[in-house]
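Secondary and tertiary structure notes
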Amino acid sequence: MNKILYIILFIFTLIAAGGCTGNQEQSSGTNRDSTYTAAHIQDLSIANPKEALALLDTAEQQGLMNDFELNRLRAVVYHNGFSDNNKSLEHALKAYDSPSAQKDIRKFLSLIQMIADQYYLSGDYARSVEFCTKGIKIARDLSLIHISEPNLTFKLGRNLLVLNREDEGFGHYFKAVDILDGESEKDDTWRTSDSYVYTLAILIGTLRNEGYYDKATGLLPRYEDAVRRLETKEHIPDGLIDMRRASGYAMAAHLYAIRGEKDKAHEEYLKLCSTEYSKTPDAGQLTIPYLFEVGDYREALRQLQEEKKYWQAHTDTIS
């Protein structure tokens, strides 16, 4: 399994699950200065993590946030800004044990998802399964199906796949997708629909990676329908639809190429190249698998070299 992919998913989960919004107690005490809101610190967690930690230290000294919020946000900063999963998990567990942890149950569920992700990234799959199971029970008991249950169900499936419990793992993947399918039909906002699209893409990609090419290809029409549903929602961020379409074309091009359907594969590749997203520095992750599969190594190498130059110029040495 590709852990870089799940680091991206981890960040997405914090946003989709409402993990970056301030609670009522905090907002009432910090209206005079938006600098100390959870949302602002969340934004700083990637761009300027040192400043984010300094703000949290000041907030602690001035009593602007409770222990739960302080440790939860420190966990986010250490993960997003420093890629320090050990420190992130340490603070996430402190937040989990805080007396006020369950005061805001949605934030508490978001925290559980964070902890499950951190245990997964550290290779402690048994503990990750434990927190997924705890979170699912809470979500079901309180009827918080909207995002929390499918996210945790997905994470549970991911762990089970790594533990070679393939049937159970894919079963939970499909269950998470089905829940999001139903919830996104009822929700007029874009976030649930995009969660559905994104999780469906992960399922298709995982099936492909595990060699289930027919099953993965069979889900492509469902992905197209999911993107069309997303298009009907309100206040969609600029570029999101184009990016999701590009992802669908890329998956289709690669899968058809694997199956030897060259004409279909090329048609989907041309659709991919017509998107705005295909012109961005991140596009190589979509185009290169197809180019490699069809044997166009020269073009694949050219794109890899272009990406390398871009990331070097922008100091992203990990990529």
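Residues numbered from 1 in each chain as written. Predicted model: local features only at pLDDT ≥ 70, side-chain atom pairs only at ≥ 80, totals over all residues. Heavy atoms only, no water.

Some thoughts on the overall build of the chain
- If you tally the helices and strands in the chain, you get 17 helices and zero strands.
- Of all intrachain contacts in the chain linking residues separated by at least 6 positions in sequence, the fraction that spans at least 24 positions is 61%.
- Just so you have it, the chain exposes about 15,600 Å², and 50% of that area is on carbon and sulfur atoms. (Helix = DSSP H or I, 4+ residues; strand = E, 2+ residues; numbered from the N terminus. Contact = heavy atoms within 4.5 Å. Areas by Shrake-Rupley, 256 points an atom, 1.4 Å probe, with all protein chains shown as cover.)

Some points on the nonpolar core
- Ranked by size, the top nonpolar core spans 44 residues in total, and within it Tyr173, Leu200, Leu203, Ile204, Leu220, Tyr223 and Tyr290 carry the most contacts.
- When contributions to this core are tallied by element, the ones reaching two or more residues are helix H9 (148-162), helix H10 (166-186), helix H11 (190-209), helix H13 (220-231), helix H14 (240-258), helix H15 (262-273) and helix H16 (284-293).
- With residues up to four places along the chain from it excluded, the contact list for Leu220 reads Ile204, Met251, Ala252, Leu255 and Tyr256.
- Of all hydrophobic cores here, the second largest spans 25 residues; its members include Phe68, Ala95, Ile112 and Cys132. (Core = buried A, V, L, I, M, F, W, Y, C linked by side-chain atoms within 4.5 Å. Buried < 20%, exposed > 50% of the residue type's maximum accessible area, 1.4 Å probe, protein only.)

With respect to the packing of aromatic side chains
- Applying the stated criterion to the full structure yields 10 aromatic pairs.
- A centroid spacing of 5.7 Å and a plane angle of 40° characterise the contact between Tyr78 and Phe82, whose relative ring orientation is tilted. Of the two residues, Tyr78 and Phe82 are both situated in helix H5 (residues 67-82); the distance of four residues between them amounts to about one turn of the helix.
- A residue is classified by how much of its surface remains accessible, and Tyr78, at 17% relative accessible area, is buried.
- Take Phe82: its relative accessible area is 32%, and that puts it in the partly exposed class.
- Measuring from centroid to centroid gives 4.4 Å for Tyr269 and Tyr290, while their planes differ by 20°, and the two rings are stacked. Residue Tyr269 is located in helix H15, and its partner Tyr290 is located in helix H16; the two are separated by 21 residues in the primary sequence.
- Look at Tyr269 and you get buried, because its relative accessible area is 12%.
- A residue is classified by how much of its surface remains accessible, and Tyr290, at 7% relative accessible area, is buried.
- Cation over ring: Lys134 sits above Phe131, and NZ or CZ is 4.7 Å from the ring centre. (Phe/Tyr/Trp six-rings, centres within 6.5 Å; stacked < 30°, edge-to-face > 60°. Lys NZ or Arg CZ within 6 Å of the ring centre and 35° of its normal.)

What about H15?
- Along its 12 residues, H15 runs 16 Å from first to last C-alpha, staying within 8% of the 16 Å computed at 1.5 Å per residue.
- Those residues of H15 that sit buried are Ala265, Glu268, Tyr269 and Leu272. Along H15, the residues classed as buried sweep out an arc of 105° about the axis, all on the same side.
- Buried positions along H15 lie against H14, H16 and helix H17 (297-313). (Expected span 1.5 Å × (residues − 1). Arc of directions from axis to C-beta.)

Concerning the pattern of salt bridges
- All told, the structure shown has 26 salt bridges when counted by the stated rule.
- Of the charged contacts in the structure, one is a salt bridge between Glu231 and Arg245, with a shortest N-O distance of 2.4 Å. With Glu231 in helix H13 and Arg245 in helix H14, the pair connects residues that are 14 residues apart, well separated along the chain.
- Look at the salt bridges and you will find they share partners, linking Asp178, Asp181, Glu185, Arg222 and Arg229 into a network. (Salt bridge = Lys/Arg side-chain N within 4 Å of Asp/Glu carboxyl O.)

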